[in-house]
Every structure is written in structure tokens, then in C-alpha cells.
Amino acid sequence: MHSPPSPGISLQVFSWADVSPGPGRQGRVLELDCLHPFSSSGCVAKSLKDKEVTAGALGQPPSGSQALAPNSGSPLQAEKVWTSHTPAREHRTMSQDTKVKTTESNPPAPSKARKSLPILDPSGDYYYWWLNTMVFPVMYNLIILVCRACFPDLQHGYLVAWLVLDYTSDLLYLLDIVVRFHTGFLEQGILVVDKGRISSRYVRTWSFLLDLASLMPTDVVYLRLGPHTPTLRLNRFLRMPRLFEAFDRTETRTAYPNAFRIAKLMLYIFVVIHWNSCLYFALSRYLGFGRDVWVYPDPAQPGFERLRRQYLYSFYFSTLILTTVGDTPPPAREEEYLFMVGDFLLAVMGFATIMGSMSSVIYNMNTAGAAFYPDHALVKKYMKLQHVNRKLERRVIDWYQHLQINKKMTNEIAILQHLPERLRAEVAVSVHLSTLSRVQIFQNCEASLLEELVLKLQPQTYSPGEYVCRKGDIGREMYIIREGQLAVVADDGITQYAVLGAGLYFGEISIINIKGNMSGNRRTANIKSLGYSDLFCLSKEDLKEVLSEYPQAQTVMEEKGREILLKMNKLDVNAEAAEIALQEATESRLRGLDQQLDDLQTKFARLLAELESSALKIAYRIERLEWQTREWPITEDMAEADDEGEPGEGTSKDEEGRASQKGPPDLR
């Protein structure tokens, strides 16, 4: 074992990273001051000298796994270490396997890992369940504190239990602040997990001030006033925003939001009546029990001294006032009149709130029903105005009734239209992909192709005895049976050849243009629903639109369809070969026409270029002639001709033309 050197060890760390191999390679030297070279900490970078050190001066880099390729990793990896004792200037060569880790490399793991609280996602499950946990202390303070303050018997009878519950709720309040310091927030759509930024953001909000105020140690006043003054803890009501946040999160997560809204409304009504009953009992005690018919009766009377009777009487009296039912004793004092007026105003506001909330819930329920199921009232009115026969009208009503009772949806696209495209595709894939993958021609296709096809599926429901398709009809869509049974029947509609069940499909050949198909795109059988049948419909246009982006998949599907037709003996090989030859000839002619069109375009471009060049040359020659004619001298005859032409506003164009044709005069 090595004895630890004395303090003051200076380390020189040489890095071979980012240098080229060879005898002339260069590196960088980092000088460190270490208290102990073998300790996990204590080395502090003193200076980083950008020295050029050759390999010959310090030796070759480590070999094997410690050797570093050029441009690899951090500049302080796979170092070779030389130590020197600073006071005595003694240099000691350390083992080549020794590595000095600096702040640029990963620090060594401590012997005991220090665990820190994780950062919570505000939209995650852990944060949601913590909010639900905070509902209990907030509701405890909201309901029990005011009750203890107004009913002295309740406070005195269970003092120890109240103290335990009080400080348990305070502990949860304190933990809630810790959770706040470890709850991330979104910045540009990315969750921020830096604790420093989270803390600085939280302390600058009003929530932090309210949380601190709700935990102020007002209980110390117990030392002066005694423990029977729960009103000192009314600052705990400042944590109510957490209650509202928990309710909002639960409303968005629950599968029954309307029922939760009604339950929340009833809870609010109970809290208001509870508070009002407590205030009524406190006012009765202040005015004097039994002083008149309005206040609480004298507890000296038999039955009215019990705590349960006191609370229930007060709660009943408050319910009568706030619901404006009446049958309440008339007030006799000013304080009683003021209390009644305040309750009446509160009742009016509460009644309006209740009516608005219930109307909103009913409207949401009706809107959801209309979104999931088609409105049959309009159809019924239309059939009545058009005098549709009773039998057909009954079938339509039964069809709507089947949708409502069995929760069948026919407008899934409209329901999911507000979701992003990718998320809508994932929802549709999770619901319908297993059904689509049963179709033989869609097997082994690309996943992205199936995802797009799933979005094109149209759910349809057929009534008993209703024909899905008839023999000879033009096939514009294929069907996949999701639920129910369909029969292949004869033309009489009674004789059954086969029964198709869930997971089977038909009509897939008619939506693919397969050469040599003897039946063309016509239906070859009558398909009738035996009961209520749920089908998925895929139209030919939708399939063509999707396959236009997947030509390889289209070829594979055509090959599978061709194999199916061969097994069914419905593929005319000669017609197929004729169609292929005709298609090839047509494509050859199209290629020839394209080539001829390209040649014509090239010739036209050349002619156009020559025409433009000729026009430019002619314009240049005309301009040159104009400049030359300006230099010609004007003779007396021409001047006299100009003078004679002035009264007639110049010579005519013909005269100018003849004059220009004479050319310049001979000056010799």
C-alpha cells in the first residue's frame, strides 16, 4: 500500500485527446492542486496551460483500452499523470492506469448515494393523487374549524383529537409546500426540471405567499388565550385554491364529468348551509338562547342540551332560510333582521348558481348524446310530413332505438375531429386495427398504410332483413363484419347459401381494379342481414386515395386479389394478357407522344429565339439609320418644302416617305 503523500501535491494532467497519432503529436497540460491525490475530492484546477507538448517529452499515450482515438470524448480523458512534490520538487511517476478526474469528467460516485426528491409532472399521476390527498386537510379545516368555533361543547369534548388532527393537517400543508418546490412547469411545451428555476418561479407567485400565510404559527397565541380558541387557525382557509385545483383535475380525468359536477355542486351547497347553521347558533348564543322564537331554544329545555340536537336544529333552520321554503319564525331584533336579509340575498345567488350549473350539466349531456347518436326527431318529423307508411317508419324507429340502447355510434369521425391527426389515428388504430388486419388483401401491408385505412373506415348498422348489397349492383365499397350475422341468399331472399359472421369480409375484389376480372365491378351475390349487424365500410375512392401514396402496396394488393380470383375461377387470363398488352401499347404511345411534344417544344423555343434575335437586329438597324439621317445637311429646296408644309401642319406621310427614299444629297 502507498503511504499518503504530504499536502501540497501538484498534478500535471496531460491529455492525448484531439491530437493526431505519430511521434510529433501534441497535447495540453492541466495543473491541479490536490490535498490528497488518492481522495475522491480535493483537486482544484489551478491553471490550464495551452502548451504544445510533444510525445517525446512525456512519453507515449496509454495503450489498450486507455488509448484514445483522435477527436474522441472529452479533452481530459485517458490522461497520463505526473506528480511532483511542491516543497521538495520531487517528481514521482505514477502508474499508467491511474486517472485523475476533474470537473470536466464525471465525478466519482460517493459511497452513500444521496437521494433527492424527483420532479413531479403537473399533469402526471403522482401530482394528481397528491392533490386528492390535499383535499382532506383543506376540507377538514373548512368544515370542522368553524363548527368548533361556534359550538363550544364540540371543542371542549374532543380537544385531544382536534389537536392531533390540526397538526396532522399542518404537516400535510408543509409537505405540500415541499411538493410545490418539486413540481415542474412547462416552458415552450417542455417540462422544466431544474430545481433552481422551479423554486425561483414558485416564490414569485401569489400561491407561495398564500401557502406561507396559511402556515403562520398562530397557535402560539394558545399560550395566552388557551387551546379553546380555534378561530386562531382561520388562516388555514387560505389553502382553498388547492381544493379547487384538485376538483378541476378530477373533472377532466373522471369518466363521468357530469355526475362529478353535480356532486361538487351538492358539496358546495352543504358547506354553505353548514357555515350558515354555525353562524346562526353563534348568533343565538350571542343574543341569548330562548330569548325569542327566532333564536335557538333554551338548552335547559329537555332534549335541546345535546350537541347533536343543537347542530341538526341549526342546520334545519338554515336550510329553510337558504332554500326560501318559508315556515321560519319571524325575526324580532335588528341582528336577526340583518341575518335574514343576508341569507335571502345568499339564497337568491345560490338559486341562480344552482340553476345555471344544472342547466349546463343538462346541456352537456344532451350535446354529448347528440354527438354520439344521430337525432331521430328530425327524421321522424320528416317521415310524418312525407306520409311514409307505418311499417317503414317502424323500422326506422327501431333502428334508432337499437343505436341508443346498445350504444352504437355511426359518426366516429365527427366525434374525433378535434383531436390532432396523429392522436386520432392512434385512437382509431387501437379500436379498429385488429378488425382491418383480418382482411386477407390487407395482411402484411405497411403499418402506416393500415393506419390511414383505419381513418377511412365508416361504421354502419343494418337492421334485420335489410340487404347490404344485391347481385348485379355496382361495387363501390367493401365491408368488414364487426358484429352480427349476414346471409348469402338467392334471388328469392329466402334460400341461404352461407352465413357470414364477425371478422369476415366481402366485396374486397370489386374495389380493386384487377385486369381480367370476369365479374368486373359488379356484385356477384345477395347479402342480407339476419339481425342487427355492425359493419365497417371502406369505399373505393378512399382506398384509391390512400394507395396513391403507396404504389408498392397497391401492387401487392393487386397480386393478392389476382390469386383470389384464380382460386375462384373468375380470372380470364387471356383478357388479362390483352389488357396488359393494351396498357403497354397505350403507355408506349403516350411515351412517344411525350417525346414528340418535347421535340416540338424544343423547335418552338428555337424559332422563338430566332424571332427575338431578328427583331432585335431590325430594331438596331432602324435606330442606326435614324442616327445617320440626322447628320444629313438640309438643302434650300427641302427648307422651302418645310415652310410650305407648315400651314398644312407639315407634309404628308407620303411626302416624308418619298423624301426619305431619295437618300442623302451628293456633297461633292
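All figures in this text were calculated on a predicted structure; none of them were measured in a lab.

Hey, could you run me through the UniProt feature "transmembrane region" (unreviewed entry) in the protein in this one?
Under the UniProt annotation, "transmembrane region" (unreviewed entry) lies at residues 127-147, 265-287 and 337-358. Structurally, residues 127-147 is divided into 100% helix and 0% strand, and its ends, taken at the C-alpha atoms, are 31 Å apart.

Help me understand the nonpolar core in this model?
If you look at soluble globular proteins, the nonpolar side chains tend to sit buried side by side. Grouped together as the largest cluster of nonpolar side chains are 28 residues, with contacts concentrated most on Leu 436, Phe 442, Leu 449, Leu 453, Met 478 and Leu 543. When residues no more than four places from it in sequence are discounted, the contact partners of Leu 543 are Phe 442, Leu 453, Ile 511, Ile 512, Leu 538 and Met 557. Within the second largest apolar cluster, 20 residues are counted, among which are Leu 154, Phe 281, Tyr 296 and Ile 321.

Would you explain the pattern of salt bridges in this entry?
A side chain with one charge may pair with a side chain of the opposite charge, provided their charged atoms come close. This model, assessed by the stated rule, comprises 20 salt bridges. Glu 545 serves as the salt-bridge partner of Lys 456, at 3.8 Å between the closest nitrogen and oxygen. Highlighted residues: Lys 456 in helix H16 (residues 447-456) and Glu 545 in helix H17 (residues 540-547), separated in sequence by 89 residues. Residue classification places Lys 456 among the partly exposed residues on the basis of a relative accessible area of 22%. Overall, Glu 545 belongs to the partly exposed group, its relative accessible area being 46%.

Help me understand helix H10 (residues 307-322), please; the structure alone is not making it clear to me.
The α-helix advances 3.6 residues per turn, and as a result positions three or four apart in sequence lie on the same side. Helix length check: H10, at 16 residues, gives a terminal C-alpha distance of 23 Å against a target of 22 Å (1.5 Å per residue), a fit within 8%. Regarding H10, the residues found buried are Gln 310, Ser 314, Phe 317, Ser 318, Leu 320, Ile 321 and Leu 322.

I keep staring at the pairing of strand S11 (residues 486-489) and nothing clicks. Help me out?
Side-chain positions along a regular strand alternate between the two faces of the sheet. Of the two faces of S11, the one carrying Leu 486 and Val 488 and the one carrying Ala 487 and Val 489 are both buried. Strand direction decides the pairing type here: S11 and strand S12 (residues 496-500), joined by four bridges, are antiparallel. Bridge pairing links Val 489 to Gln 496 in S12. Once S11 ends, the chain turns through six residues before running back antiparallel as S12, passing Gly 493 with a positive phi of about 80 degrees. Here four bridges tie S11 to strand S14 (residues 526-529), and the two strands are oriented antiparallel to one another. Paired with Val 488 across the strands is Ile 527, a residue of S14.

Looking at this structure, I do not really get the side chain of Ser 529. What am I missing?
Along the chain, Ser 529 falls in strand S14. A distance of 2.8 Å separates the side chain of Ser 529 from the side chain of Ser 533, its partner in a polar contact. If we ignore the near neighbours within four places in the chain, the residues touching Ser 529 are Tyr 462, Ser 463, Pro 464, Gly 465, Glu 466, Gln 485 and Leu 486.

Help me understand the sheet that holds S11 in this model?
Ordered in space as S9-S14-S11-S12, the four strands form an open sheet in which the pairing is antiparallel. Each edge of the sheet is formed by a strand with only one pairing partner; in this case those strands are strand S9 (467-469) and S12. Taking each pair of neighbouring strands and ignoring which way they run, the sheet shows an average axis angle of 30 degrees.

Would you explain a nonpolar patch on the surface in this entry?
Nonpolar side chains collect at one region of the surface, where Leu 171, Leu 174 and Leu 175 lie side by side and expose about 260 Å² of accessible area between them. Tracing the backbone through its elements, the reader meets Leu 171 in helix H4 (residues 159-181).

Explanation requested: the side chain of Arg 148 in the structure shown.
By secondary structure assignment, the location of Arg 148 is in helix H2 (residues 125-150). Since its relative accessible area comes to 2%, Arg 148 is described here as buried. Excluding its chain neighbours within four sequence positions, the residues that come into contact with Arg 148 are Tyr 140, Leu 154, Gln 155, Trp 162, Asp 166 and Pro 230.

Looking at this model, I keep getting lost on the sheet that holds strand S15 (residues 533-539). Mind explaining?
Within a beta sheet, neighbouring strands are joined by backbone hydrogen bonds and run either parallel or antiparallel to one another. Strand order in the open sheet made by the four strands is S8-S15-S10-S13, with antiparallel pairing throughout. Strands at the two margins of the open sheet, each flanked by one partner only, are strand S8 (458-462) and strand S13 (505-506). Here strand S10 (residues 477-483) runs beside S15; their pairing, made up of six bridges, is antiparallel. Residue pairing across strands places Glu 483 opposite Asp 534, the latter belonging to S15.

I keep staring at the packing of aromatic side chains and nothing clicks. Help me out?
For any pair of aromatic rings, the description rests on two quantities: the centre-to-centre distance and the angle between the ring planes. Scanning the model with the defined rule gives 26 aromatic pairs in all. Seen from their ring centres, Trp 294 and Phe 339 are 5.6 Å apart, and the 75 degrees between their planes marks the pair as edge-to-face. Of this pair, Trp 294 sits in the loop between helix H9 (257-287) and H10 while Phe 339 sits in helix H11 (residues 334-372), placing them 45 residues apart in sequence. According to the relative accessible area criterion, Trp 294 is buried, its value standing at 0%. The interplanar angle of 80 degrees and the centroid separation of 5.9 Å between the aromatic rings of Tyr 296 and Phe 304 together place this pair among those described as edge-to-face. Like Phe 304, Tyr 296 is buried. Counting every residue linked through ring pairs, the aromatic cluster contains Phe 151, Phe 270, Phe 281, Phe 289, Tyr 296, Phe 304, Tyr 311, Tyr 313 and Phe 315. Taking NZ or CZ as reference, Arg 201 lies 4.3 Å from the ring centre of Phe 185, over its face.

In this structure, what is going on with the packing of helix H15 (residues 421-436) against H16? I would like to understand it.
Where H15 meets H16, the closest approach of the two axes is 8 Å, and the angle between their N-to-C directions is 90 degrees. Here H16 runs roughly perpendicular to H15, going by the angle between their axes. Residues Arg 422, Arg 424, Ala 425, Ala 428, Val 429, His 432, Leu 433 and Leu 436 of H15 form the contact with H16, whose own contacting residues are Leu 450, Glu 451, Leu 453, Val 454 and Leu 455. Here the residues of the contact of H15 with H16 are counted per class, giving nine nonpolar, one polar and three charged.

About the thresholds
- Note that residues are indexed from 1 along each chain, following the sequence as it is written.
- At least 70 in pLDDT is required for a residue's local features to be given in this predicted model, at least 80 for side-chain atom pairs to be given and counted, and no such filter applies to totals for whole chains, interfaces and linings, which use all residues.
- Water and hydrogen atoms play no part in the side-chain values, which are based on all heavy atoms of the structure.
- UniProt positions are given in the numbering used here, feature names are shortened, and annotations may be inferred rather than shown by experiment.
- Numbering of helices and strands runs from the N terminus, with a helix taken as a DSSP run of H or I at least four residues long and a strand as a DSSP run of E at least two residues long.
- Within this scheme, the nonpolar core is defined by two criteria: the residues are buried Ala, Val, Leu, Ile, Met, Phe, Trp, Tyr or Cys, and they are joined through side-chain atoms within 4.5 Å.
- The cut-offs for exposure are 20% and 50% of the maximum accessible area for each residue type, with area from a 1.4 Å probe on protein chains only; residues under the lower value are buried, those over the upper are exposed, and the others partly exposed.
- Any pair of residues with heavy atoms lying within 4.5 Å of one another is described as a contacting pair.
- Salt bridge, as applied in this entry: a Lys or Arg side-chain nitrogen positioned within 4 Å of an Asp or Glu carboxyl oxygen.
- Expected helix span is taken as 1.5 Å per residue step, with the number of steps being one fewer than the number of residues.
- We treat two strands as partners when DSSP finds at least two bridges between them.
- Polar contacts here mean pairs of N or O atoms no more than 3.5 Å apart (in protein, one a potential hydrogen donor and the other a potential acceptor; neighbouring residues in sequence count only if both atoms are side-chain atoms).
- Between N-to-C directions, angles cover 0 to 180 degrees, with each direction set by a line fitted to C-alpha atoms, over the stretch in contact for helices.
- Candidates for patches are residues over 30% relative accessible area with no salt bridge; among them, like charges are joined within 9 Å and nonpolar side chains (Val, Leu, Ile, Met, Phe, Trp, Tyr) within 5 Å.
- Computed by Shrake-Rupley with a 1.4 Å probe, the accessible areas treat only the displayed protein chains as cover when residues are assessed.
- Between rings of Phe, Tyr and Trp, where Trp is taken as its six-membered ring, a pair exists when centres lie within 6.5 Å; planes separated by under 30 degrees are stacked, by over 60 edge-to-face, and by other angles tilted.
- Criterion for a charge above a ring: Lys NZ or Arg CZ within 6 Å of the ring centre, and within 35 degrees of the ring normal.
- Under this scheme an angle from 65 to 115 degrees is roughly perpendicular, one under 35 degrees roughly parallel, and one over 145 degrees roughly antiparallel; angles in between are oblique.
- Classification convention: Asp, Glu, Lys, Arg as charged; Ala, Val, Leu, Ile, Met, Phe, Trp, Tyr, Cys, Pro as nonpolar; all other residues, Gly among them, as polar.

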